[in-house]
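For reference, the chains in residue letters:
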Number of protein chains: 2
Amino acid sequence: MANPLSKAKLSAYRKLQSKKIRESEDRFLIEGWHLLEEAMVGGVPLQAVIYDETRELEGNDLRVKNMAIGRSAAVFAASESQIRALSDTQTSPGVIAAVGRVRSDLDGVLSALGGKERSFVVALDGVSDPGNCGSIIRACDWFGADAVLLGMGCSEVENGKFVRATMGALFHLPLAKVESLPNSLKDLQDNGYRIVTSSLGESESLSGFDWPSKTVLVIGNEARGVSQRVLNLADTRLQIPKFGRGESLNAAMAASVMLGHWRV
Amino acid sequence: MANPLSKAKLSAYRKLQSKKIRESEDRFLIEGWHLLEEAMVGGVPLQAVIYDETRELEGNDLRVKNMAIGRSAAVFAASESQIRALSDTQTSPGVIAAVGRVRSDLDGVLSALGGKERSFVVALDGVSDPGNCGSIIRACDWFGADAVLLGMGCSEVENGKFVRATMGALFHLPLAKVESLPNSLKDLQDNGYRIVTSSLGESESLSGFDWPSKTVLVIGNEARGVSQRVLNLADTRLQIPKFGRGESLNAAMAASVMLGHWRV
């Protein structure tokens, strides 16, 4: 059922550590039994599963491995050093999989939203740190946001740090990478959405804010905030009131506070 | 006014990259004009300021440099390569300072809280990632929490990543490292505080929760959550309700959501 991993195959999968190759081949690597399970549950195409043959598995990991063997196009039993070569973490969890594209486009998101009466979309306007982007997706998944748009300048969805920070959330909700965030936001406005930006200065306070039934919440770049073109089309510029001495909040934490306020 | 940085001095300051040396010498390094300014505003003792003599400064950076020259016990003009050797970032902002101890102990925190009618303390129970710990301090500073306790197993306050993630907040509010978090929490209970833990399972929902006038909010370890000994003495176990499919929230984001709920 599992074949050994040849040098040529190792080299082919290892190339997916490069962003350029991930883009041209339209696939990427994920690590760990948990992410693999989430990918399968999310219905993401599994192209290959490569596991460390020297490890004894039990419990949930073993269950996930057996499930993956039934679902993956190819399964390879690799040596510890092959796994190390493929891993981009310091201590690999012992399994790496190559999976097909997850992200969608604006049309995909609009059709997923369908005719919902109430919905909440989060848009990232140049959030560049993969850990921040991934954590925001994780919080969106927790609070039940309906979809996430990523504008230019955001971290690559297929980046290893991004994927790990989502803890699998990227397989749970529609993610779209869009060429022009302002144009996509206009399309959403045409579909009845109100654009709410997280902003400092000349903004409405989050205290007592009444979230529109169809909201797009825009989170801006870590240093520059939301871009001027997006601010110009905002229906509401919203800020988290400050009570202490801090100068700013981290983008992911600001997003969490806003999501928490919306839901809780 | 500024001396060149001798080999011996460079080596002495460089040793502060080691946790052991930071502990034994009771001082640590900070990087960047912004952090340096925050340290001065916070009244932290400046032992040495070392700046890259090849860089032209203007605006706020120049202003901070001149302020530091007046305040630091020693000032050194260093070469680019000396700064690189001292820096623990990939692209150093061109200034590094050695500063004295920031953290306090439980007595220090209790006396800072004084006889306040209302106060809010955040306690970290084994939050081990320096970025998470630092981001939580930053959010505490934004929302105006009164103090932070760090139990065993938390990131070291003087760690470079921790310091950077706080964005200077560690110079704004009392931080105490405590030997036994359960004992410190009992002391706080004796002083009228209620212990609220962030927990999953068998917990009260954050929705509609009425925060006690004197609260200690406990945030647990990234993987294991709040420890059993702390859970046992909690007045309230509180959870952020889940609306989507996520399995958990990042510790720093959970803390932000709770802080936001308390204040906003």
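What you see is a predicted model; the values in this text were computed from it and never measured. (Residues numbered from 1 in each chain as written. Chains lettered and ligands numbered in written order. Predicted model: local features only at pLDDT ≥ 70, side-chain atom pairs only at ≥ 80, totals over all residues.)

Right, let's get into the relation of the copies chain B and chain A. When chain B is fitted to chain A, the best match, at an RMSD of 0.0 Å, comes from turning it 180° and sliding it 0.0 Å along the axis. The transformation just described matches what one would write down for a two-fold rotation axis. For chain B, the residue whose C-alpha comes nearest the rotation axis is B:V257, separated from it by 2.3 Å. When the interface residues of chain B are mapped onto chain A, 100% of them are again interface residues, pointing to one common binding face. (Least-squares fit on C-alpha atoms with pLDDT ≥ 70 in both. Contact = placed C-beta atoms within 7 Å.)

For the rest of this paragraph, the subject is the environment of A:L46. Residue and element names in this part refer to chain A. Within the secondary structure layout, L46 lies in strand β3 (residues 46-52). A tally of 21 C-beta atoms within 10 Å means that L46 is categorised as buried. Between the C-alpha atoms of L46 and R71, which are 25 residues apart in sequence, the distance is 7.0 Å. When sequence neighbours within four positions are dropped, the list of residues in contact with L46 reads A39, M40, A68, R71, S72, A73, A97 and V99. (Helix = DSSP H or I, 4+ residues; strand = E, 2+ residues; numbered from the N terminus. Buried ≥ 20, exposed ≤ 12 C-beta atoms within 10 Å, placed from the backbone.)

We now examine the pairing of strand β7 (residues 147-150) of chain B. Residue and element names in this part refer to chain B. On β7, burial covers both faces: A147 and L149 on one face and V148 and L150 on the other are all buried. Pairing geometry for strand β6 (residues 119-125) and β7, over four bridges, is parallel. Counterpart to L124 in the pairing with β7 is L150. At this point the chain moves from β6, through helix α7 (residues 130-143), to the parallel β7, and the crossover so formed is right-handed. (Pairing = 2+ DSSP bridges. Right-handed = clockwise from strand over helix to strand, strands pointing away.)

Before going further, it helps to spend a moment on the interface of chain B and chain A. The interface is formed by 31 residues belonging to chain B together with 31 residues belonging to chain A. Here the element with the most residues in the side of chain B that touches chain A is helix α11 (residues 251-263) of chain B; it accounts for seven residues. Tallied by class, the residues present in the side of chain B that touches chain A amount to 14 nonpolar, 11 polar and six charged. (Nonpolar A, V, L, I, M, F, W, Y, C, P; charged D, E, K, R; others polar.)

Time to look at the environment of A:L150. When you line up the elements, A:L150 lands in strand β7 (residues 147-150). Apart from the residues lying within four places of it in its own chain, the contact partners of A:L150 are A:L124, A:V157, A:L175 and A:K177.

Moving on to the sheet that holds strand β10 (residues 204-205) of chain B. Two modes of strand pairing occur in sheets, parallel and antiparallel, and in both the strands are linked by backbone hydrogen bonds. Residue and element names in this part refer to chain B. Taken in spatial order, the seven strands of this open sheet run β8-β7-β6-β11-β9-β12-β10, and their pairing is parallel. Two strands bound the open sheet, and with one partner strand each, they are β8 (175-177) and β10. Relative to strand β12 (residues 236-239), β10 runs parallel, the two sharing two bridges. Residue S205 lies in a different strand from β12, and its bridge partner there is Q239. Across the sheet, helix α6 (residues 106-113) touches β6, β7 and β8, and the angle it forms with β7 is around 165°. Strands in contact with α7 are β6, β7 and β11 (214-220); relative to β6, the strand with the most contacts, it is inclined by about 175°. (Axes fitted to C-alpha atoms, helices over the stretch in contact; angles between N-to-C directions.)

On to the packing of helix α3 (residues 33-41) of chain B against helix α4 (residues 59-71) of chain B, then. Each pair of packed helices can be summarised by the angle the axes make with each other and by the distance between the axes. Residue and element names in this part refer to chain B. At a closest axis distance of 10 Å, the pairing of α3 and α4 adopts a crossing angle of 45°. With respect to each other, α3 and α4 are oriented oblique. Between α3 and α4 lies a crossing whose hand is left-handed. Each of W33, L36, E37 and M40 in α3 lies in contact with α4, whose residues at this interface are N60, D61, V64, M67, A68 and R71. Its residues assigned to classes, the contact of α3 with α4 shows six nonpolar, one polar and three charged. (Parallel < 35°, antiparallel > 145°, perpendicular 65-115°, else oblique. Left-handed = near helix turned anticlockwise from the far one by under 90°.)

Looking now at the environment of B:N221. All names here are of chain B. Here N221 lies in the loop between β11 and α10 (228-232). C-alpha of N221 to C-alpha of V95: the two residues are 126 residues apart in sequence and 33 Å apart in space. N221 has contacts with D125, G126, V127, S128 and G153, leaving out every residue within four places of it along the chain.

Residue and element names in this part refer to chain A. Sheet architecture is open: five strands sit in the order β1-β4-β3-β5-β2, paired in mixed fashion. Every other strand in the sheet has two partners, leaving β1 (3-4) and β2 (27-31) as the edge strands with one partner each. Relative to strand β5 (residues 95-100), β2 runs antiparallel, the two being bridged by five bridges. Among the inter-strand pairings, L29 is bridged to a residue of β5, identified as A98. Packed on one face of the sheet, helix α3 (residues 33-41) meets β2, β3 and β5 and runs near 25° to β5.

With that settled, consider the domain arrangement of chain A. Residues and elements named next belong to chain A. Domains assigned within chain A are domain 1 (3-100) and domain 2 (106-263). Here domain 1 and domain 2 have C-alpha centroids that lie 31 Å from each other. Contact residues are listed per partner, giving 12 residues for domain 1 and seven residues for domain 2. The biggest single contributor to the side of domain 1 that touches domain 2 is α3, with four residues. (Domains from an automatic or database assignment.)

A separate point is the pairing of β3(A). Residue and element names in this part refer to chain A. With six of seven residues buried, β3 lies mostly within the body of the structure. Pairing of β3 with β5 involves five bridges; the strand directions are antiparallel. Its bridge partner lying in β5, I50 is registered against I96. Relative to strand β4 (residues 75-78), β3 is paired through four bridges, and the arrangement is parallel. Looking at β4, one finds that I50 is bridged to F76. The β-α-β motif built from β3, the intervening helix α4 (residues 59-71) and the parallel element β4 has right-handed crossover chirality.

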